[in-house]
Amino acid sequence: MMSSWLKNWFQSQKQTRKFHPFWIVLVVMATLAVGGVVWVATYLFKVEEVPAVPAVASSAMPGEAGAQTGNLPATDKPAPLSVEHGGDFSPPDPEDIPEGEFGDVIRLGKNIFTDTQTYASAYVGNGLNCVNCHLDAGRKPDSAPLWASFGMFPAYRDKNKQVNSYEDRLAGCFRFSMNGKAPPLGGKEMIALTSYSYWLAKGAPIGVALKGRGYPELKQPALAPDEVRGKGVFEANCAICHGADGQGTLVKGRYAFPPLWGGQSFNAGAGMSKINNAAGFIQANMPLGQGGSLNLQDAWDVAKFMTSHGRPADPRLAKK
Ligand code: HEC
Ligand code: HEC
């Protein structure tokens, strides 16, 4: 054994009283041992310090966590889902709109949105209401819900090549989807619609694309979208509500089922007149109550059929 060998060696050193080179080895080994203990202690101390640093950064600003902790040591804490993938969000229940002045303006916004024909008639040029394309009073995911939109503005839009406020975005749907004119910025209608959207988005992260925003982007179909096949899909799945001629169904002067083309529908500058938006909306939401039931090809074909009909002109072209 090493220890008994060392003992014997010490004994022989005592007896001979002569310097032996093994002393050097012993001193070097002792130095290394002490150094090692110090090094391990420093290492343990450092490891304990690490988790405290990202905790400060991530509690400050979840949306920026990735950027702010970029130069810090990685921890095994997963990033919040909402930052990287757009989290799930559920808007509040309309029953919970508060009482009082703020509640009143939220309620007006909801009324304008669901019954635009009555509450903002001066700004509407067709038979539609906002809710016709933004289902469940602007709450339904995959039908461009207001709660997913509100926190994404101001934003640059290719459509008008400038940074748009949320009110500018609302104005766009008045002008094109409603074939009307935008209510004045800062006016009663804009404030009410903004308040309603703000309330629906309460608690949602700002600047984060939430799951369910906009209309789904569908994959390309196997066959190029075809009007003739689309007509068959329309007759089998849509005509019962929207009418064989796509002109909707009027009940006491109001559309129970909205028109899909013609003079009372959205104009040619509207997002819904683009086949990709139409196909995404239709596949996710139509036939009403049976969203997701059409296959990919049928959704593109019926969108092609719908968008190939005549409708009011794009107001941007009419002015030139
Ligand atoms: C004919 C269908 C239609 C009608 C009616 C309509 N919209 Fe839209 N709306 C769209 C389309 C299409 C988009 C673009 C969605 C996208 O880009 O994914 C859109 C987008 C929006 C957005 C932005 C959504 C986002 O995620 O950023 C808001 C806000 C909005 N509409 C509000 C309104 C309001 C308010 C009205 C009524 C005054 C209205 N819409 C009427 C079709 C419609
Ligand atoms: C059961 C009745 C019903 C059927 C069937 C139906 N829809 Fe609709 N559709 C509606 C209603 C109601 C709305 C308005 C929703 C609202 O206001 O909440 C609507 C809205 C729409 C809109 C947006 C508003 C507009 O007028 O442009 C489009 C586009 C649309 N439907 C296309 C279709 C297509 C395509 C089909 C067939 C694949 C179809 N719908 C089948 C009832 C129906």
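Heads up: the structure comes first, above all this text.
Residues numbered from 1 in each chain as written. Chains lettered and ligands numbered in written order. Predicted model: local features only at pLDDT ≥ 70, side-chain atom pairs only at ≥ 80, totals over all residues. Heavy atoms only, no water.

Caption draft 1: Expanded view of the coordination of the iron atom of ligand 1. Donor atoms from the polypeptide that bind the iron atom of ligand 1 are His134 (NE2) and Cys173 (SG), placed at 2.0 to 2.2 Å. Taken together, the six donor atoms coordinating the iron atom of ligand 1 and their angles of 87 to 180° define a geometry best described as octahedral. Of the two residues, histidine 134 sits in the loop between helix 7 (116-119) and helix 8 (135-138) while cysteine 173 sits in helix 10 (residues 166-177), which places them 39 residues apart along the sequence. Judged by relative accessible area, which is 23%, cysteine 173 ranks as partly exposed. (Donors = N, O, S within 2.8 Å, 3.2 Å for Na, K, Ca; no water. Tetrahedral: all angles 85-135°; square planar, octahedral: opposite > 155°, others 65-115°. Helix = DSSP H or I, 4+ residues; strand = E, 2+ residues; numbered from the N terminus. Buried < 20%, exposed > 50% of the residue type's maximum accessible area, 1.4 Å probe, protein only.)

Caption draft 2: Representation of the environment of leucine 317. One can find leucine 317 in helix 16 (residues 315-318). Owing to a relative accessible area of 58%, leucine 317 belongs among the exposed residues under this scheme.

Caption draft 3: Structural context of the site of ligand 2. The environment of ligand 2 is formed by 23 residues, the closest being Cys238, Cys241, His242, Pro259 and Met286. The separation between a nitrogen atom of ligand 2 and a polar side-chain atom of histidine 242 is 2.8 Å. A distance of 2.7 Å separates an oxygen atom of ligand 2 from a polar backbone atom of proline 259. Where the shell around ligand 2 is concerned, the elements lending two or more residues are helix 13 (239-242), strand 4 (254-257) and helix 14 (275-285). In terms of residue class, the shell around ligand 2 is made up of 20 nonpolar, three polar and no charged. (Near = heavy atom within 4 Å. Polar contact = N/O pair within 3.5 Å; in protein donor to acceptor, adjacent residues only side chain to side chain. Nonpolar A, V, L, I, M, F, W, Y, C, P; charged D, E, K, R; others polar.)

Caption draft 4: Structural view of helix 6 (residues 100-114). If you check helix 6, its first and last C-alpha atoms are 21 Å apart, about what 15 residues at 1.5 Å a residue would give, namely 21 Å. Three or more residues of helix 6 are buried, namely Gly103, Ile106, Gly109, Ile112 and Phe113. Taken together, the buried residues of helix 6 touch helix 7, helix 8, helix 9 (146-150) and helix 11 (188-200). (Expected span 1.5 Å × (residues − 1). Contact = heavy atoms within 4.5 Å.)

Caption draft 5: Structural detail: the pattern of salt bridges. One pass over the full model with this rule turns up eight salt bridges. Of the charged contacts in the structure, one is a salt bridge between aspartate 104 and arginine 107, with a shortest N-O distance of 3.5 Å. With aspartate 104 and arginine 107 both in helix 6, this residue pair falls three residues apart, about one helical turn. Given a relative accessible area of 29%, arginine 107 falls into the partly exposed group. Put simply, aspartate 115 and arginine 254 hold a salt bridge, and the shortest N to O gap is 3.4 Å. One end of the pair, aspartate 115, is in the loop between helix 6 and helix 7; the other, arginine 254, is in strand 4, and 139 residues separate them in sequence. Residue classification places aspartate 115 among the partly exposed residues on the basis of a relative accessible area of 22%. Under the relative-accessibility criterion, arginine 254 is labelled partly exposed at 41%. (Salt bridge = Lys/Arg side-chain N within 4 Å of Asp/Glu carboxyl O.)

Caption draft 6: Representation of the environment of arginine 311 within the structure. Within the secondary structure, arginine 311 sits in the loop between helix 15 (296-307) and helix 16. Separated by 43 residues in sequence, arginine 311 and alanine 268 have C-alpha atoms that sit 6.2 Å apart. Polar contacts involving the side chain of arginine 311 include one to the side chain of serine 265, which spans 3.4 Å.

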